[in-house]
Amino acid sequence: MKKFNNGNLKLAIQKEGRLTQDSLAFLRQTGLEFESYQKLLYSSCRNFPLEILYLRDDDIPNYVSTGVVDLGIAGQNILSEKREPVKKLLNLRFGFCSLVIAVPKDSPIKILSDLNGKRIATSYPNSSKVFFKKNNIQADLVQVRGSVEITPAIGVADAIIDLTSTGSTLILQDLRVLTKIYDSEAVLVANNDLSKNKKKLVNNIITRFKGALSAKNYKYINLSAEEKILPRLKKIIPVLGFQYFSFIPQKGKVSVTSVIKEDIFWETIEKLKIMGIKRILVLPIEKMII
Ligand code: AMP
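Everything quoted here is computed from the prediction, not taken from an experiment.

Here the focus is the layout of surface pockets. Considering only enclosed or pocket space, the largest pocket measures out at about 1,200 Å³ in volume. Breaking the lining of the largest pocket down by element, the ones donating at least two residues are α3 (76-82), α4 (125-134), β9 (159-164) and α5 (168-172). Sort the elements by how many residues they give to the lining of the largest pocket and α3 lands first, with four residues. Of the residues contributing to the lining of the largest pocket, the split by class is 11 nonpolar, 16 polar and 11 charged. Among the domains, domain 1 (9-94 + 186-215) and domain 2 (97-183) are the pair contributing at least three residues each to the lining of the largest pocket. A volume near 240 Å³ is recorded for the second largest pocket. What lines the second largest pocket is S224, A225, E226, I229, K253, M275, G276, I277, K278 and R279. It is strand β12 (residues 218-226) that contributes the most residues to the lining of the second largest pocket, three residues altogether. Of the residues assigned to the lining of the second largest pocket, the class counts are four nonpolar, two polar and four charged.

Set out below in structure tokens:
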């Protein structure tokens, strides 16, 4: 199609599924402007030379490795399973899940070696084989395309290897996790042989993506404190190249502006409150370029 040979970057995302909404939301957070609705096969960005193609997620690794598209967003699970030669660029912090081995709640299978000689249903045969080899397990793999979690109940398998995030599907099917094979999240991958021009565009996209990822992981805070507690404050508020202390007119007071990482946000706020700081302004960050 002529449309796609215009030198623009081509990025594939999942057309319809668990990663679709989060992928679209993330792309918008990076500042890219484009239309998207369910029946669309591709969108052109208004403010960046980028075409977004909507594809089946298990086709994405192959399309990226063969250069049909330059970039793809897919679950690490799909990439590990398909083992296509692509370049991993960034973890995108959504689409979290784990590939696990699960057995019926009352199964006699208690430890890994109990899997020897058992039938195990999965739609992840490659990941399963690698795990079995590493752990010296001889089991029969039953390859299924979907509804893996029902196979023990209908007598097709003794155990399953499947993705889980909240664990609720496993519980509903009376299954318990025996062990985890790996964790997964959405990742950005690229073709290995991009032209010089495309590499430049990809670097530009990576800067945008990193800016959006950092913004998501940090909060902006501003507070006013007694000047004398400044040394203690400096120990609590991490310095990330974004810390400003300035003196405000009120005698003996200092104004502090900083960014705090989401995962230590509440414990930092608690520490500040213990120090007697009462009013703290917290704002979301749109972009953070570091
Ligand atoms: P879908 O084809 O719509 O089921 O989307 C599957 C993709 O979503 C997987 O390849 C994973 O990367 C991701 N995902 C996140 N959580 C889960 C989950 N609990 N079960 C299956 N896939 C998940």
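From this point on, the discussion continues.
Here the focus is the packing of aromatic side chains. Applying the stated rule across the entire model yields four aromatic pairs. Aromatic side chains F26 and F209 sit 5.0 Å apart centroid to centroid with 90 degrees between the ring planes, which places their arrangement in the edge-to-face category. Residue F26 is found in helix α1 (residues 20-29), and its partner F209 is found in helix α6 (residues 196-217); the two are separated by 183 residues along the sequence. Here the aromatic residues F26, F94 and F209 are joined through ring pairs into a cluster of three or more. One Lys or Arg, R28, reaches over the ring of F34 and ends 4.2 Å from the middle of that ring.

Within the secondary structure, E81 sits in helix α3. Buried E81, no salt bridge; nearest opposite-charge side chain is K82, N-O distance 6.4 Å. With sequence-adjacent residues up to four places away left out, E81 is seen in contact with S123, Y124, P125, N126 and S127.

What follows deals with the pattern of salt bridges. Applying the stated rule across the entire model yields 11 salt bridges. Taking the shortest distance from any N to any O, the salt bridge between K180 and D183 comes out at 3.0 Å. Judged by its relative accessible area of 46%, D183 falls in the partly exposed class. Note that K253 is salt-bridged to E226, the shortest N-O span being 3.8 Å. With K253 in strand β14 (residues 253-261) and E226 in strand β12, the pair connects residues that are 27 residues apart, well separated along the chain. Taking relative accessible area as the criterion, E226 reaches 36% and is therefore assigned partly exposed. Put simply, E33, E35 and R46 are held in one network by salt bridges that share partners.

Right, let's get into the UniProt feature "domain: ATP phosphoribosyltransferase catalytic" (unreviewed entry) in the protein chain. Here the UniProt-annotated "domain: ATP phosphoribosyltransferase catalytic" (unreviewed entry) positions come out as residues 56-210. Annotation note: span residues 56-210, helix share 28%, strand share 30%, distance between end C-alpha atoms 25 Å.

Now for the domain arrangement of the protein chain. Under the domain assignment used here, the protein chain contains domain 1 (9-94 + 186-215), domain 2 (97-183) and domain 3 (218-284). Placing a centre on the C-alpha atoms of domain 2 and another on those of domain 3 gives a separation of 48 Å.

This part is about the sheet that holds strand β1 (residues 9-14). Read across the open sheet, the six strands follow the order β2-β3-β1-β4-β11-β5; overall the sheet is mixed. Either end of the sheet is taken by a strand with one partner, and the two such strands are β2 (42-44) and β5 (87-91). Pairs of neighbouring strands in the sheet enclose a mean axial angle of 25 degrees, with direction left out of account. When β1 meets strand β4 (residues 71-75), the two strands line up parallel, connected through two bridges. Of the residues in β4, the one forming a bridge with L11 is L71. Together, β1, β3 (50-55) and β4 form the strand contacts of α1, whose direction differs from that of β1 by roughly 145 degrees. α6 rests against β1, β3, β4, β5 and β11 (186-190) of the sheet, and its axis sits at about 25 degrees to β5.

About the criteria used
- Residues numbered from 1 in each chain as written.
- Predicted model: local features only at pLDDT ≥ 70, side-chain atom pairs only at ≥ 80, totals over all residues.
- Heavy atoms only, no water.
- 1 Å grid on protein atoms, 1.4 Å probe; cavity = no way out; pocket = protein on both sides within 12 Å on 5 of 7 lines; lining within 4 Å.
- Points joined across faces, edges and corners; volume = space filled by probe spheres on them.
- Helix = DSSP H or I, 4+ residues; strand = E, 2+ residues; numbered from the N terminus.
- Nonpolar A, V, L, I, M, F, W, Y, C, P; charged D, E, K, R; others polar.
- Domains from an automatic or database assignment.
- Phe/Tyr/Trp six-rings, centres within 6.5 Å; stacked < 30°, edge-to-face > 60°.
- Lys NZ or Arg CZ within 6 Å of the ring centre and 35° of its normal.
- Buried < 20%, exposed > 50% of the residue type's maximum accessible area, 1.4 Å probe, protein only.
- Lys, Arg positive; Asp, Glu negative; His and termini not counted.
- Salt bridge = Lys/Arg side-chain N within 4 Å of Asp/Glu carboxyl O.
- Contact = heavy atoms within 4.5 Å.
- UniProt positions renumbered as here; feature names shortened; annotations may be inferred.
- Pairing = 2+ DSSP bridges.
- Axes fitted to C-alpha atoms, helices over the stretch in contact; angles between N-to-C directions.

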